[in-house]
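In case you want the letters, here they are:
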Amino acid sequence: MVETNRHKLVKISVMGQVDAPRFPAVPWTPHFISREGQPTLLPLNGGIVYNVRIGDPAMGWAAELIEPGVSIRAREEAAHRALKVYACVGNEAVVMSGRAKGARGTVTGKSGRFMDHVIVDFAPGVLEDLAIGDAILVKAFGRGAAVEGFPGIEVKNLSPDLLEKMGITVSNNTLHVPVVATLPAELMGAGTGLDSDGGCLQIQTGSPGVVEAHGLQELRLGDIIAVKDYECRYAPGYLRGAMSIGIVGHGDSVRTGFGPGMTMIMTAPPTAMASGNKILPIQDTGANVARILELGTYRRGPRSR
């Protein structure tokens, strides 16, 4: 198990409300134009999703960028910014109002620009008792996290509790990180150049054959993914020689440039990779947050990839 600086981290409360699904004001029509040029009308992000949870397939739903479980945001903009930045995957969430008051869940991801949510997993019975507007407090813990002995590798959006359970091993100045797949930088779409601390980065799945070529047919919400030649210390983008790690937090898209969204959790710039602070992805079909934290609907057993 890796050693972290958890004893130096601050645990702080942030809070949001269950956010209603909404259509963007622009374009005025509720339809999105698919990558094939067809108008589509599908459920969009937000609200309480009763039948999609972390561990379920990331693709194949009749939906657009669907967020599993519960999507929350704060009503006041500055407070929402704090919620997005401070909340980390693996943090505990507590319902503070309504019929489900006192129920506990887990932060599983974030969504990006225009969606702007923190995504939380709750048990099915809790989902039935939640309502739009219910307040959910997140015990934010992980901002400023680091792996001891690897000053060149930046950890972000990740609870130290989850970091220490991911099966990461250390040898030869290298972090060996279990991942479901390692993807090239050219598959990165929406989110590039934006916010890697409070948003997400989307995998473009629209090019014919790309899903099969990279073994993404069985991609699941919660899967841990590596991206080569990609750096996300600040605004994420292509950088030859870099390596980044993300967790799939929301579902696929019918639109060009969009796809399953990843919350980025670790990155090593080329200078770190060249100086003995390396990230080396290790293929592991069980590298999924739902399995690690025993959440959602993770299916046990090997995958076919």
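For the structure itself, look to the data block above.
In this text, all values refer to a predicted model and were calculated from it rather than measured experimentally.

Cut-offs and rules
- Residues numbered from 1 in each chain as written.
- Predicted model: local features only at pLDDT ≥ 70, side-chain atom pairs only at ≥ 80, totals over all residues.
- Heavy atoms only, no water.
- Helix = DSSP H or I, 4+ residues; strand = E, 2+ residues; numbered from the N terminus.
- Rg over C-alpha atoms; globule rule 2.2 N^0.38 Å.
- Buried < 20%, exposed > 50% of the residue type's maximum accessible area, 1.4 Å probe, protein only.
- Contact = heavy atoms within 4.5 Å.
- Areas by Shrake-Rupley, 256 points an atom, 1.4 Å probe, with all protein chains shown as cover.
- Polar contact = N/O pair within 3.5 Å; in protein donor to acceptor, adjacent residues only side chain to side chain.
- 1 Å grid on protein atoms, 1.4 Å probe; cavity = no way out; pocket = protein on both sides within 12 Å on 5 of 7 lines; lining within 4 Å.
- Points joined across faces, edges and corners; volume = space filled by probe spheres on them.
- Nonpolar A, V, L, I, M, F, W, Y, C, P; charged D, E, K, R; others polar.
- Salt bridge = Lys/Arg side-chain N within 4 Å of Asp/Glu carboxyl O.
- Patch = residues over 30% accessible without salt bridge, like charges linked within 9 Å, V, L, I, M, F, W, Y side chains within 5 Å.
- Phe/Tyr/Trp six-rings, centres within 6.5 Å; stacked < 30°, edge-to-face > 60°.
- Lys NZ or Arg CZ within 6 Å of the ring centre and 35° of its normal.
- Pairing = 2+ DSSP bridges.

Across its full length, the protein chain carries six helices and 18 strands. The C-alpha atoms of the protein chain give 18 Å as radius of gyration, which agrees with the globular expectation for 305 residues (19 Å, within 12%). With respect to the three principal axes, the spread of C-alpha positions in the protein chain is 50 × 45 × 40 Å. Split into buried and exposed, the 305 residues of the protein chain put 58% on the buried side. Within the protein chain, counting contacts between residues at least 6 apart in sequence, those at least 24 apart form 69% of the total. Within the structure as shown, the protein chain displays about 12800 Å² of accessible surface, and the carbon and sulfur contribution to it stands at 55%.

Considering the arrangement of structural elements, one finds H80 in helix α1 (residues 77-86). Taking relative accessible area as the criterion, H80 reaches 0% and is therefore assigned buried. Engagement of the side chain of H80 in a polar contact is seen with the backbone oxygen of D116, the distance being 2.9 Å. Ignoring sequence-local partners within four residues, the contact set of H80 consists of I72, R73, A74 and D116.

For the rest of this paragraph, the subject is empty space enclosed by the protein. Applying the stated rule across the entire model yields one cavity of 30 Å³ or more. In this structure, the largest cavity occupies an estimated 30 Å³ of space. Around the largest cavity, the lining residues are G191, D195, S196, G199, C200, L201, P236 and M264. When the residues that make up the lining of the largest cavity are grouped by side-chain class, the tally is four nonpolar, three polar and one charged.

With that settled, consider the environment of S111. Mapping S111 onto the fold places it in the loop between β7 (104-110) and β8 (118-121). With a relative accessible area of 0%, S111 lands in the buried category. Here the alpha-carbon distance between S111 and E212, two residues 101 residues apart in the chain, equals 25 Å. Setting aside chain neighbours within four positions, we find S111 in contact with E67, D116, H117, I119, G198, G199, C200 and H250. Side-chain polar atoms of S111 contact the side chain of E67, separated by 3.0 Å.

Turning next to the pattern of salt bridges. Going through the model one piece at a time under the given rule, you end up with 16 salt bridges. The structure contains a network of salt bridges with shared partners spanning R73, E77, K84 and D116.

Turning our eyes to something else, we now look at a nonpolar patch on the surface. A cluster of nonpolar side chains, namely V10, I12 and Y86, defines an oily patch on the protein surface of about 270 Å² accessible area. Mapped onto the secondary structure, I12 falls in strand β1 (residues 12-18).

Quick look at the packing of aromatic side chains now. Here the structure, examined in full by the defined rule, presents zero aromatic pairs. When the ring centre of F141 is taken as reference, the NZ or CZ atom of K11 above it lies at 5.3 Å. The ring centre of F32 lies 4.2 Å from the NZ or CZ of R255, which sits over that ring.

This part covers the environment of V179. Positionally, V179 belongs in strand β12 (residues 174-179). The sequence separation of V179 and G152 amounts to 27 residues, and the corresponding C-alpha distance is 20 Å. For V179, the contacting residues outside a window of four places in its chain are I224, I225, A226, I245, P281, I282, Q283, D284 and A287.

Let us now look at the layout of surface pockets. It is the rolling of a water-molecule-sized probe over the atoms that shows where space remains empty. As a volume, the second largest pocket reaches approximately 210 Å³. Classifying every residue of the lining of the second largest pocket gives five nonpolar, five polar and four charged.

The element strand β5 (residues 69-73) is extensively covered by neighbouring structure, given that five of its five residues are classed as buried. One ladder, built from two bridges, connects β1 with β5; its direction is antiparallel. Across the sheet, residue Q17 finds its bridge partner in β5, namely R73. In the sheet, strand β4 (residues 48-49) pairs with β5 via two bridges, with the strands oriented antiparallel. Paired with V49 across the two strands is G69, which belongs to β5. Pairing of β5 with β8, which is carried by three bridges, proceeds in the antiparallel orientation. If you follow V70 over to β8, its bridge partner there is V120.

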